[in-house]
Structure formats: structure tokens, C-alpha cells
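What the coordinates show
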Amino acid sequence: MNIFKSTVAAAALLSIAPLAQAQFAETKSLTMDGARRVIDAAVAAANNKKTTGVIAVVDNGGNLMALERIDGTFAAGANISIGKARTALLFQKPTKVFEDIVNKGRTAMVALDGFTPLQGGVPVSVDGQIVGAVGVSGAASAQQDEELAMAGAKAFESGPPPVSYFPKDQVKAAFAKGSVLFDHSDKYMVHASRREQSGMSEIHTKDADIVYVLDGIATLVTGGTAVNSKPIAADEFRGERIDGGETRLLSKGDVIIIPAGVPHWFKEVTNPFLYYVVKAR
Amino acid sequence: MKSFRTILYSALFVIAPAVRAELPVKKVMTLNVAKKIAAAAEAEANRRHLTAVIVVVDDGGYPLLLQRLDNTQVASVEVGIGKARTAAIFRRPSKDFEDQVKDGRIAALALPGATPLQGGVPIILDGKVIGAIGVSGESPKDDEDVAKAGAAAAAAAIAAEGGSRE
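Residues numbered from 1 in each chain as written. Chains lettered and ligands numbered in written order. Predicted model: local features only at pLDDT ≥ 70, side-chain atom pairs only at ≥ 80, totals over all residues. Heavy atoms only, no water.

Before going further, it helps to spend a moment on the sheet that holds strand β11 (residues 217-222) of chain A. Within a sheet, each strand pairs with its neighbour through backbone hydrogen bonds, oriented either parallel or antiparallel. Residue and element names in this part refer to chain A. With antiparallel pairing, 6 strands are arranged side by side in an open sheet as β13-β14-β9-β18-β11-β16. Single-partner strands in this sheet number two, and they are β13 (230-233) and β16 (246-251). Shown here is a sheet whose adjacent strand axes are inclined to one another by a mean of 30°, direction ignored. (Pairing = 2+ DSSP bridges. Helix = DSSP H or I, 4+ residues; strand = E, 2+ residues; numbered from the N terminus. Axes fitted to C-alpha atoms, helices over the stretch in contact; angles between N-to-C directions.)

Before going further, it helps to examine the interface of chain A and chain B. Each partner contributes residues to the interface: chain A has 18 residues there, and chain B has 18 residues. Seen at the junction of chain A and chain B, the total is 13 residue pairs in polar contact (both at pLDDT 80 or more). Listed by contribution, the elements that provide at least two residues to the side of chain A that touches chain B are α2 (32-48), β4 (64-69) and α3 (77-90) of chain A. The element best represented in the side of chain A that touches chain B is β4 of chain A, accounting for 6 residues. The residue inventory of the side of chain A that touches chain B, partitioned by class, reads 8 nonpolar, 4 polar and 6 charged. Sheet analysis places β4 of chain A next to strand β4 (residues 63-68) of chain B, joined by 3 bridges and oriented antiparallel. Within β4 of chain B, the residue paired with Glu68 of chain A across the bridge is Leu65 of chain B. (Contact = heavy atoms within 4.5 Å. Polar contact = N/O pair within 3.5 Å; in protein donor to acceptor, adjacent residues only side chain to side chain. Nonpolar A, V, L, I, M, F, W, Y, C, P; charged D, E, K, R; others polar.)

All names here are of chain B. Counting buried residues in strand β6 (residues 128-136) gives 8 out of 9 residues, a clear majority hidden from the surface. Across 6 bridges, the pairing between strand β5 (residues 120-125) and β6 is antiparallel. Bridge pairing in β6 links Val121 to Ile133. As consecutive antiparallel partners, β5 and β6 are separated by 2 residues, and within that stretch Asp126 has a phi angle of approximately 50°, a positive value. (Buried < 20%, exposed > 50% of the residue type's maximum accessible area, 1.4 Å probe, protein only.)

Glancing now at unusual backbone geometry. Residues and elements named next belong to chain A. Residues Asn271 and Pro272 are joined by a peptide bond in cis, for which omega reads 0°. The topology assignment puts Pro272 in the loop between β18 (264-269) and β19 (273-280). Even without being glycine, Lys50 reaches a positive phi, approximately 55°. Structurally, the position occupied by Lys50 is in the loop between α2 and β3 (54-58). At Asp127, a position not held by glycine, the phi torsion is positive, near 50°. Relative to the elements of secondary structure, Asp127 occurs in the loop between β5 (121-126) and β6 (129-137).

Structure below.
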């Protein structure tokens, strides 16, 4: 996914190309995908806090790129959020800075044109460069507007992702129906897998399956030739069965690792057959 | 997920049980439906290799969702919002006003809050305008077609959300 694009700002027109190089500055700006990522992060924060809000994202020129109004947010929030985002971008600072300045007595500052000195607007930076800004209005409080905007602005922050913890009740519930516990599909996934009957032959062209059997017994066929194997999604094939290959009986406590690209088939299982799977890329 | 929330037109100081049944209700577009409408319009714009701003507004003309596809001229943001608002608050395609002006009713330019340019199309549910889609980017005809593609997806999007509710 391309989240930035570089633009070359013209410093001198009609200049001869080789000479002109030093007269252009390259700047990065958010793309539509990048803007969506900012909005998704802010909306996730709003859902977490069970609040409403409008989230607006502007590019590095202060022009609106994307906006979403969560159900139940007051209509005026749309324009206010745009104003906050634009102010944060054009003045290259969180709008709270200006709200504080105005509140502390520099009232004349509100006379600035196109200026929304209300907290809730935050620049979005990548590698120390401002690439856009996000503005939020219509959360439960001005303070919360700011928090949601910060959450959006952090969408591109590098550094380690947060720790994921699944309490045992949640894990138990996941195995009760068989589900994906953790989905970070560009790197790894964790499945709480449950089988109640034999499956189709499977090939994952990118994911290796690392399996730990928790309960039940299964006949697993690996290798061989998958019959009638068809693509069902990106990098995923399913077929009727496997001819040939190696057959193993899996039971509680077993670990098996199936590398990406190797056909495999749960030919027979006891009901239920529970197994913990890490899918790694 | 609830597709429509019921809004009671506010009557203050009423005695709740006696009066509630007599208050009119209106249906409100949700963000989810707006996203599906915009996605349909975006698909049509991509199919035609167009740049565009796609806006979905509520029945008051205020934006619920906006997306500016990569490389779209920035002026289209305001124009797109204006077209959508026009279609919502005048409850008709913004093309009606463009046609009026073209046919000689120059006075239509004086309508407050109107952007008399094609590319704004109302979203209608049960005969009532619940919002509108506005598109601005390239040619007027393309804008109109992309907006219509979005509006055409509205009925299915609403049905998928569980239909209308009182």
C-alpha cells in the first residue's frame, strides 16, 4: 500500500532541467490510502471510548482528503473538524497550542483568516516531515477530540506494535467455535482452530502453518498431489483431496510444521479436533 | 447493525406517553451506508480512470463522508460538497439547476446555498430524501455518471444494513 506520494514543488519555472535540480524541494504528502489509515485509527479510538466524532484528514497543503462522521455526531462537527485539521497543517502545530494562546489572553489571534484555534487538530508526521493533518470534532469533550486526533496521527508511528493479550476465557470461546484469534496477516496470524469433520485439501502459497494439537485425533495428509485444487482467495488454494503424500495420525500434544506451498489435508478427524495454529509469512 | 436511527422531531416539554405517537419520525443515513455508496462511486471512477472527490451528505447537506482520490484537483473538494448539499437540501439532482441556467433562467444562480452544476444526486428512501452524493473531478458528464453509480448502490446498501426501521 502506497501511503505517501512525493511532489516536487516548483521553485523556478522555465529552468533548464539539469541546472534546476537544486531549485526544487521534494515534499511528501498523504495518499488516499494513508488518509484512510489515519481515519481508521481515530475511529478505532472513538469506538474504544464509545464516543462519536467527525474525523477529517488534510494533505500537506491543507486540502481536505477524506472525512468520516460517526453515526450520531452533530452535523456542525463536519466543518469544525476540517477547520482544525487545516489549522494544524498550515500552522504546523497542534491546534491546542493556539487554543491555549487565545485562552491565556491573546484574543486578537482569532482574527486570523481561516483559523480554528480549538484543540483537536494534530499534524501527521513521517520521518520528521509533516505530510498532512487530522482534525476531530464531536467527541464527548474537547479533550477527547484531541485524544482521537492524536490516535489518528499515530497511525504511521514506527516502533513495535502493542502487546496482544488474550485471557483464557476469550481463548476458550475462540476454540468453542473455531476462529482467528489474532490477525496481522502481512506477518503472522494465530488461529484457534476447531474441526468437526474432514476438510478440503489446502495450499497456502505464502503462509506456513505451525500447529500444536490440543485435543482430539486427526489423520493428516501432507505433500502429494492436490486434486481439483482451485484458488479461493489471494495465495490460497482449496481442493477435493490429496492423492499420494505422507499420512500421519495427530493427537494431543503433537506439533507439526507445514511450510508454505505444501499441500495438506485433514482427511479424518474426531469431533472436535482442536489445534492452535500460527500462520507465519 | 442498525441502519437507521429514529429521530423524533423535538417538541419540548411534552408529556411523553400521550404525545409520542403523534410526532413525525425521519430516517437517517448511517456512515456504513454512506461508505457503500461512496465505494460504488469510487469503483465507477476507477473503471473510467478518473480522479474525483466523492462526498456523501446527510439530509441537511452536512458531510458524512468525503474522499478525494489520489491526484484529484483540490478545488473539487468544495465543489463536490456544494453539489451534494444542493441535491440534499433542494431534494433534486443539482443538474436541474444547471439545466435551468442553461435554458435561460439565470436567476437560478441566486439561489442561496446552491451549486448549480451537475454531479449531485439525492439518495431517496421510501420517497424521502435522506441525503445525497456529490462528485467533482473531471468532466461534468463523468461527475454525473459517477454520482449516479453511487446513488444506484444506495438501495442495496440500505437493504444489506437490515432495511429501514421506524
